[in-house]
Amino acid sequence: MLVFFTDLDGTLLDHDTYDWQPARHAIRRIQTGGHALILCTSKSLAEVAALWRAMGLADPVIVENGGAICLPPRYFGETLPAAVVRGGWEVLELGAPYPELVRALGEAAGVSGVAVRGFSQMDTAEVALRTGLPLETARLAHQREFDEPFVVEEGDPALLCAAIEHLGYSWTRGGRFFHILRGCDKAKAVRRLAALFRDHRSVARTVGLGDGLNDAGFLRETGSAWLLPSRQTEELARLTPGARVAPAKGPAGWAQAVERELA
Ligand SMILES: [Mg+2]
């Protein structure tokens with residue numbers, strides 16, 4: 001089997017409209033072929049779960065930039081000993097608790113003199129405005145557990161990032177927001193989940209699809225990597241030697257890359 005690890009925004013979802021319909025047929029082909037499709041995203045579990053159901057998926061998901069791996073119950077035949085069972089998922093918690101991240105971001109902002117605005121300071125309407133998501137989806141996006149998205153309102157982001165690192169935390173940058181995390185990233189989560197697949201299934205190859213700099217690490221973990229065209233493609237290509245650039249942006253390009261892997 002093949003295991004596909006894919007970013008969402010700007011990759012499987014259109015960057016502006018969040019549409020994924022052009023990829024519908026390719027998603028079906030992954031499923032009917034007995035392969036796995038792993039969503040690997042900065043989104044919260046609440047938001048991903050709604051998409052996962054709409055897409056008719058049955059495989060694990062990686063949420064909040066690798067903060068957690070969430071598996072359908074007994075996906076690998078038994079409940080994983082390290083997992084917490086909640087909300088109908090087996091959750092492998094890899095990140096630091098949200099209140100701690102919010103505190104650390106405030107401290108880093110104070111130390112560096114950079115003004116930030118995090119999700120914890122925004123109401124649902126503001127999250128909707130900043131993401132372009134409908135209010136109901138923004139409500140789900142707002143439910144963070146292991147990653148605080150934020151924007152820099154004033155000052156040098158490099159100073160803030162250095163302060164974050166100095167406090168023992170890490171940061172990453174997606175298409176719209178910076179994120180503060182601790183002890184986790186998409187690459188570590190992909191490595192852990194790929195190892196579980198190799199232990200329990202017969203994996204011929206892993207495939208990665210992404211469009212942003214925060215995807216570089218996890219794309220390097222996969223056997224075959226695809227870059228979806230974005231403003232960051234040139235820089236991302238330098239970080240992912242051997243990766244191929246998909247022939248179109250977003251879900252249409254995603255579908256073509258997947259068809260090539262399945263051919
Ligand atoms: Mg993206």
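Residues numbered from 1 in each chain as written. Predicted model: local features only at pLDDT ≥ 70, side-chain atom pairs only at ≥ 80, totals over all residues. Heavy atoms only, no water.

Draft legend 1. Examining the side chain of R144 more closely. Its location among the elements puts R144 in the loop between α5 (135-141) and β8 (148-154). Of the polar contacts made by the side chain of R144, one reaches the backbone oxygen of S42; its length is 2.7 Å. Excluding residues within four positions of it along the chain, R144 makes contact with S42, K43, S44, E64, Y98, F119 and P149. (Helix = DSSP H or I, 4+ residues; strand = E, 2+ residues; numbered from the N terminus. Polar contact = N/O pair within 3.5 Å; in protein donor to acceptor, adjacent residues only side chain to side chain. Contact = heavy atoms within 4.5 Å.)

Draft legend 2. Quick peek at the domain arrangement of the protein. Assigned domains of the protein: these are domain 1 (2-95 + 185-262) and domain 2 (98-181). Domain 1 and domain 2 are separated by 23 Å when their C-alpha centres are compared. Summed over both sides, the interface between domain 1 and domain 2 buries roughly 1600 Å², with carbon and sulfur atoms accounting for 49% of that surface. When the area that domain 1 buries against domain 2 is broken down by residue, the three leading residues are Y18, E47 and E64, summing to 34%. Seen at the junction of domain 1 and domain 2, the total is two salt bridges. With four residues, helix α2 (residues 45-54) is the single largest residue contributor to the side of domain 1 that touches domain 2. Across the side of domain 1 that touches domain 2, the residue classes tally to five nonpolar, eight polar and eight charged. (Domains from an automatic or database assignment. Buried area = accessible area lost by both parts, 1.4 Å probe. Salt bridge = Lys/Arg side-chain N within 4 Å of Asp/Glu carboxyl O. Nonpolar A, V, L, I, M, F, W, Y, C, P; charged D, E, K, R; others polar.)

Draft legend 3. Quick look at the nonpolar core. Among the nonpolar cores identified, the biggest contains 47 residues, and F4, I27, V61, L209 and W254 are the most heavily contacted of them. Every residue in contact with V61, bar those within four places of it in the chain, is listed here: I38, L39, L45, V48, W52, A68, I69, C70 and W89. Membership of the second largest hydrophobic core comes to 26 residues, among which are F5, I38, L196 and F218. (Core = buried A, V, L, I, M, F, W, Y, C linked by side-chain atoms within 4.5 Å. Buried < 20%, exposed > 50% of the residue type's maximum accessible area, 1.4 Å probe, protein only.)

Draft legend 4. Just the coordination of the magnesium ion, in detail. Bound to the magnesium ion on the protein side are D7 (OD), D9 (O) and D211 (OD), at distances that span 2.2 Å. Sequence spacing of the donors to the magnesium ion: D-x1-D-x201-D. Remark: D211 occurs in the loop between β11 (205-210) and α8 (216-220) and D7 occurs in the loop between β1 (2-6) and α1 (24-32); sequence separation between them is 204 residues. Relative accessible area serves as the criterion here: at 6%, D7 is assigned to the buried category. (Donors = N, O, S within 2.8 Å, 3.2 Å for Na, K, Ca; no water.)

Draft legend 5. Inspection of the packing of aromatic side chains at higher detail. By the definition in use, this model includes seven aromatic pairs. Ring plane angle 85 degrees and centroid distance 4.9 Å describe the contact between Y75 and F76, whose orientation is recorded as edge-to-face. Of the residues examined, F76 reaches a relative accessible area of 8% and is grouped as buried. An aromatic cluster of three or more residues is present, and its members are Y75, F76 and F197. (Phe/Tyr/Trp six-rings, centres within 6.5 Å; stacked < 30°, edge-to-face > 60°.)

Draft legend 6. Examining the sheet that holds β8 more closely. Strand order in this open sheet of four strands is β7-β8-β10-β9, and the pairing throughout is antiparallel. The sheet terminates laterally at β7 (115-118) and β9 (170-173), the two strands that pair on one side only. When strand polarity is set aside, the average angle formed by the axes of neighbouring strands in this sheet is 35 degrees. The strands that helix α3 (residues 98-112) touches are β7, β8 and β10 (178-181); relative to β8, the one it contacts most, it runs at about 15 degrees. (Pairing = 2+ DSSP bridges. Axes fitted to C-alpha atoms, helices over the stretch in contact; angles between N-to-C directions.)

Draft legend 7. Representation of the pairing of strand β12 (residues 224-227). Judged by which residues are buried, β12 turns out to be covered on both faces: S224 and W226 on one side and A225 and L227 on the other are all buried. Bridging between β11 and β12 involves four bridges; their strand directions are parallel. Note on β12: the bridge partner recorded for L209 is W226. With two bridges joining them, β12 and strand β13 (residues 244-245) adopt parallel strand pairing. Residue W226 lies in a different strand from β13, and its bridge partner there is R244.

Draft legend 8. Structural view of the environment of A109. Relative to the helices and strands, A109 resides in helix α3. Residues A109 and C161 lie 52 residues apart in sequence; the distance between their C-alpha atoms is 9.2 Å. Discounting residues that sit within four places of it in the chain, A109 has contacts with V114, V116 and L160.

Draft legend 9. Just the sheet that holds strand β4 (residues 68-71), in detail. Strand order in the open sheet formed by nine strands is β5-β6-β4-β3-β2-β1-β11-β12-β13, with mixed pairing between adjacent strands. Each edge of the open sheet carries a strand with a single partner, namely β5 (84-86) and β13. In this fold helix α7 (residues 186-200) packs onto β1, β2 (36-40), β3 (61-63), β4, β6 (89-93) and β11, with an angle of close to 160 degrees to the strand it touches most, β2. Strands β1, β2, β11, β12 and β13 of the sheet are contacted by helix α10 (residues 250-262), whose axis makes an angle of about 160 degrees with β1.

Draft legend 10. Geometry of the layout of surface pockets. Of the pockets and cavities examined, the largest pocket occupies roughly 750 Å³. If you list the elements that add at least two residues to the lining of the largest pocket, you get β8 and β10. Examining the composition of the lining of the largest pocket, we find that four residues originate from one element, β8, more than from any other. Taken domain by domain, the makeup of the lining of the largest pocket includes at least three residues from each of domain 1 (2-95 + 185-262) and domain 2 (98-181). Considered as a void within the structure, the second largest pocket measures approximately 350 Å³ in volume. If you trace the second largest pocket, you find 18 residues lining it, with W171, T172, R173, L213 and N214 closest to the centre. Those elements that place two or more of their residues in the lining of the second largest pocket are β9, β10, α7 and α8. (1 Å grid on protein atoms, 1.4 Å probe; cavity = no way out; pocket = protein on both sides within 12 Å on 5 of 7 lines; lining within 4 Å. Points joined across faces, edges and corners; volume = space filled by probe spheres on them.)

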